Amino acid sequence: MRVLGIETSCDETAVAIVEASAGSDPVGRILANVIYSQLTEHRRFGGVVPEIAARAHLERIDGLLADALTEAKLELGELDGIAATGGPGLIGGVMVGVMTAKALAFAHDKPFLAVNHLEGHALSVRLTEDVAFPYLLLLVSGGHCQLLTVRGPGDFTRLGTTIDDAVGECFDKTAKLLGLGFPGGPAIERLARDGDPRRFALPRPMWRKPGCDFSFSGLKTAVRQAVEKLDPQDSRAIADLCASFQRTVGDVLADRCANALALAPSSTLVVAGGVAANLYLRGRLETVAAAHGARLVAPPVSLCTDNGAMIAWAGLEHLRLGHRDGLDFKPRPRWPLDAVAS
Ligand code: KG4
Ligand code: ZN
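Note that the structure is predicted; figures quoted are calculated from it, not measured.

K.L.:
Explain the sheet that holds strand 2 (residues 12–19) to me, please; I cannot follow it from the model alone.
P.N.:
The strands that make up a sheet are held in pairs by hydrogen bonds between backbone atoms, and each pair lies either parallel or antiparallel. Ordered by their spatial adjacency, five strands build an open sheet running 3-2-1-4-5, and the pairing between neighbours is mixed. Sheet topology places strand 3 (29–37) and strand 5 (112–116) at the edges, where each strand pairs with a single neighbour. Neighbour-to-neighbour, the strand axes of this sheet turn through a mean angle of 20 degrees, independent of strand direction. Along the sheet face, helix 3 (residues 91–108) touches strand 1 (2–7), strand 4 (81–87) and strand 5 and points at about 160 degrees away from the line of strand 4. Across the face of the sheet, helix 4 (residues 117–128) comes into contact with strand 1, strand 2, strand 3, strand 4 and strand 5 while running at roughly 95 degrees to strand 5.

K.L.:
Would you take a moment to explain the coordination of the zinc ion (ligand 2) for this structure?
P.N.:
Expected angles at a metal are 109.5 degrees for tetrahedral coordination by four donors and either 90 or 180 degrees for octahedral coordination by six donors. Here the zinc ion (ligand 2) is held by the protein donor atoms His117 (NE2), His121 (NE2) and Asp306 (OD), which lie 2.0 to 2.1 Å from it. Expressed as a motif, the donor residue spacing for the zinc ion (ligand 2) is H-x3-H-x184-D. Of this pair, His121 sits in helix 4 while Asp306 sits in the loop between strand 10 (295–297) and helix 10 (308–319), and the two are 185 residues apart along the sequence.

K.L.:
Even after reading the chapter, I still don't get the site of ligand 1, so can you show me in this structure?
P.N.:
Taken together, 19 residues are adjacent to ligand 1, and Gly142, Asp172, Gly185, Glu189 and Asp306 come closest. At 3.1 Å, a side-chain N or O of His117 approaches an oxygen atom of ligand 1. In this structure, a nitrogen atom belonging to ligand 1 sits 3.1 Å away from a side-chain N or O atom of Asn278. Breaking the shell around ligand 1 down by element, the ones donating at least two residues are helix 4, helix 5 (167–177) and helix 6 (184–192). Ranked by the residues each element gives to the shell around ligand 1, the list is headed by helix 6, at four residues. Here the residues of the shell around ligand 1 are counted per class, giving five nonpolar, eleven polar and three charged.

K.L.:
Can you help me understand the environment of Thr8 in this one?
P.N.:
By the element assignment, Thr8 lies in the loop between strand 1 and strand 2. Distance from Thr8 to Gly89, taken between C-alpha atoms, is 8.4 Å for residues 81 residues apart in sequence. Ignoring any residue separated from it by four or fewer positions in sequence, one finds Thr8 in contact with Thr13, His57, Ile61, Thr85, Gly93, Val94 and Gly97.

K.L.:
Mind showing me how you'd approach the state of the cysteines here?
P.N.:
By definition, a disulfide links the sulfur atoms of two cysteines through a covalent bond. What the rule picks out here adds up to zero disulfides. Here Cys212 is not cross-linked by a disulfide; its sulfur's nearest cysteine counterpart is in Cys257, at 8.4 Å. Free of any disulfide, Cys304 has its nearest neighbouring cysteine sulfur in Cys257, separated by 14 Å.

K.L.:
What am I meant to see in the pairing of strand 1 here?
P.N.:
The two faces of a sheet get side chains in turn, since along a regular strand they alternate between them. Counting buried residues in strand 1 gives five out of six residues, a clear majority hidden from the surface. Sheet analysis places strand 1 next to strand 2, joined by six bridges and oriented antiparallel. If you follow Arg2 over to strand 2, its bridge partner there is Glu19. The antiparallel hairpin formed by strand 1 and strand 2 contains four residues in its connecting segment. Across four bridges, the pairing between strand 1 and strand 4 is parallel. Residue pairing across strands places Ile6 opposite Ala84, the latter belonging to strand 4.

Rules used in this analysis
- Residues numbered from 1 in each chain as written.
- Chains lettered and ligands numbered in written order.
- Predicted model: local features only at pLDDT ≥ 70, side-chain atom pairs only at ≥ 80, totals over all residues.
- Heavy atoms only, no water.
- Pairing = 2+ DSSP bridges.
- Helix = DSSP H or I, 4+ residues; strand = E, 2+ residues; numbered from the N terminus.
- Axes fitted to C-alpha atoms, helices over the stretch in contact; angles between N-to-C directions.
- Contact = heavy atoms within 4.5 Å.
- Donors = N, O, S within 2.8 Å, 3.2 Å for Na, K, Ca; no water.
- Near = heavy atom within 4 Å.
- Polar contact = N/O pair within 3.5 Å; in protein donor to acceptor, adjacent residues only side chain to side chain.
- Nonpolar A, V, L, I, M, F, W, Y, C, P; charged D, E, K, R; others polar.
- Disulfide = S-S within 2.5 Å.
- Buried < 20%, exposed > 50% of the residue type's maximum accessible area, 1.4 Å probe, protein only.

All quantities given are derived from atomic positions and should not be read as evidence of function.
Right, dumping it as structure tokens:
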């Protein structure tokens, strides 16, 4: 079974083709995976500008589709389904991906699948790793921070979520305050390697509280206050602040995952989403998983941040269950994974 996936919900225009057996096994093969990152378009604004993003998706999508088909040495007629991110995300971009996928599906008489971007992250681990359902998932990205039980495609129970900011957003804000550019996560991880994680004592919101919810706004404020007192030329202090910030995030994520593993025991803890690319945080989660008799599994670093392969894979997982979406599907700027969540 081969599915093409389109991702256009934020600032990456991405197209991929994945292949797997028609059964329910995890682990597929990536036949093509191409991406155009709009970083240069947005950099001077210090964040993603929705109108610029939508136009850039529109300009790039056809070329990337052709590149993906060439890389996979396939024609559109040889595919079994066409998937696109149907939300949540910036609506202009999502519309570009959804309209493109619908047009291809209609023209070639293929099933169309509207994929929840969060589900793309949530299932991505099964594209490369032998992970069976159910598993506990820590989903940490630029816009989300949640703990969920994943029972199967479309079958999620949310254990906790952030009550204010997402963890990736907190990395990005910290990096912006320190003048490290956008996106902030990779820059902070790099500088933190040479920093002293004990130099700055930062607050750990929700730490050691019951439940699995998160909060990052207090940490963001504390970082801003620390930066205000800092000499911007003092590279040692900047590295120390990055290391202290990263350690604090690690403490909070480990504490919340420990609660989740106690509340909903699982032999597998999966971490996914852009922040899962952080190797220090993976190490912290590995320790907490092991303490609860579980193993930590994460997608390869290159598949943690937004990409087309995760959308193609989630589409494929649904397609082999017999699911498909109508060509009247409306893009969803908000789309919680858990049906009962707000
Ligand atoms: O999943 P993603 O690509 O986009 C969303 O769906 O939001 O996540 C992007 C987020 C950004 O906030 C970025 O700073 C963060 O992931 N990120 C990282 C790292 N790489 C990307 N955060 C911490 N450490 C990293 N190495
Ligand atoms: Zn994402």
